[in-house]
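Each chain, written out:
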Amino acid sequence: MIVLILDFILLVVLLILGLPLPFCFGGAIIFVALFTNVSIKGLILWGFSQMISPTLLAGPIFIYAGTLISESGIANKLIDLAKVFVGRIKGSLGVISVVTCGFIGAISGSGFTGIAAVGPALLPRMLEDGYPKGYTTALITCSTVLGVLIPPSITQILYGWLTGTSILACFLSTVGPGVLLIVLLSIINLIDIRRFSSSAHKTKFAKADAIALSANKNGIETKDAITFSINEKNQSKLHTFRIAIPGLMMPIIILGGIYGGVFTPTEAAAVAAIVAMFIGFVFYKQLKISKLFYVTRNTATSIGAIFTMIFFCLILSQAFVLLRMPQQIIEVFMNFTDNKIVVLLIVNVFLIFVGMIVNDGTAIILLAPLLLPLMVNFGVSPVQFAAIMVLNLGMGGLTPPYASLVYLGMRICDCKFEEMAGPVFRFILLAFLPVLILTTYWPPLTLWLPNLLGY
């Protein structure tokens, strides 16, 4: 147990020092091999046998599909559609950003896709509407966590693969928390928008009146001018809806195919990539051969780095399992307390801390096999724990020092950390933490849909 504690401390120190993740986990593996009887050769052979899993292949394909969605124009068309129908509601752009990030999450399975697709498209419009830049960036960034909550989710695929839990059940477990988070973020936005300048918004509200006034000056009856304006808007709505239909069909095809048993999550990822490519080339014509090669090369580079990290992380996690770390964790907690509420609180705090120093995929691979036996021992369903882990680690993308989503949002939206730090903390405190508490202590939020569909 002392060796395991020292090894975990070494891993945390290496992560805090900012070393590349494979070196951090490699150092921890070497430490285990030096002071225990675990065979590195056996771990490496076991790791390679796991890396060829067809289920694991869904991750990189979804990443590729998400990149294609960003480049194909799908996200922009969905934003235009939402803007047409709710654009006159005060604060509507903030709600659109939240809902669109959730919608894109239902296509790509990743949080990074949401901010890459929604940020550049919505930031200028929200600034024109009176939103502060830091607040806008924070809202879009926090909303991209929905990409790991709204199915399909790459993180949930990893969890299901590692723990032997039904991946479809894991997908369904975060639907309730995801929808609740959308509602809370939207409500906070509608309250906050009242504090911001709305001069641009008022100008937009007066547009129909300006059309009518101009028409009246030119000898056209005001009533006729207003009628003309309404007809024109209705035609515009219909036209925008028609253009957005290909994008709207993507989640129907992907989720319908998965839950209808037509294809597996891995096959769904491939379908998503092919459909996004087809839409980008044929319908929206924003994808070119040169851009496709560029996207493919960059995605392949990212996937190579991710899989190297997964390999080392997987080996270290297996080493901990072979050294009976899960059983020792259970013994420690049982000696400390048998109160389920306290145990869940400690595990949540621990997961939040881990999410602050590593990405969600790494944390899932390292901790799911170690903590799940403890949770099951205290009567927590593996499906519910999937939602608890994913929500905690999704928050980790918003909390320094890791805060990958925050840093990506800063770069894409050209925003300073100090401008968005306050709003991010506000969203975490008022939206994420309440949802986390309900997810942890009220099982029906996560289990009602899987139970309803027989998982």
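Residues numbered from 1 in each chain as written. Predicted model: local features only at pLDDT ≥ 70, side-chain atom pairs only at ≥ 80, totals over all residues. Heavy atoms only, no water.

(A) Just helix H18 (residues 340–355), in detail. Along its 16 residues, H18 runs 22 Å from first to last C-alpha, staying within 8% of the 22 Å computed at 1.5 Å per residue. When H18 is considered as a whole, its buried residues turn out to be Val343, Leu344, Val347, Asn348, Leu351, Val354 and Gly355. Considered in projection along H18, the buried side chains sweep an arc of 135° and stay on one side of the axis. Looking at the buried residues of H18, the elements they touch are helix H17 (325–336), helix H19 (360–377), helix H20 (382–396) and helix H22 (417–441). You can read the cap of H18 off the contacts: a side-chain oxygen lies 2.9 Å from the backbone nitrogen of isoleucine 341, and it is on asparagine 339. (Helix = DSSP H or I, 4+ residues; strand = E, 2+ residues; numbered from the N terminus. Expected span 1.5 Å × (residues − 1). Buried < 20%, exposed > 50% of the residue type's maximum accessible area, 1.4 Å probe, protein only. Arc of directions from axis to C-beta. Contact = heavy atoms within 4.5 Å. Polar contact = N/O pair within 3.5 Å; in protein donor to acceptor, adjacent residues only side chain to side chain.)

(B) A look at unusual backbone geometry. Following proline 151, the chain continues into proline 152 via a peptide bond in cis, with omega recorded as -5°. Following the sequence through the fold, proline 152 ends up in the loop between helix H8 (133–143) and helix H9 (154–163). Phi angles above zero are rare outside glycine, and lysine 285 is one such case at about 55°. Among the structural elements, lysine 285 can be located in the loop between helix H15 (265–283) and helix H16 (289–322).

(C) Seen up close, the packing of aromatic side chains. Enumeration according to the criterion identifies seven aromatic pairs in this entry. Measuring from ring centre to ring centre gives 6.2 Å for tyrosine 131 and tyrosine 135, while their planes differ by 25°; the resulting arrangement is stacked. On the basis of relative accessibility, which here comes to 3%, the residue tyrosine 131 falls in the buried class. Here tyrosine 135 falls in the buried class, since its relative accessible area comes to 5%. Joined through ring pairs, the aromatic side chains of Phe48, Phe311 and Phe312 make up one cluster. (Phe/Tyr/Trp six-rings, centres within 6.5 Å; stacked < 30°, edge-to-face > 60°.)

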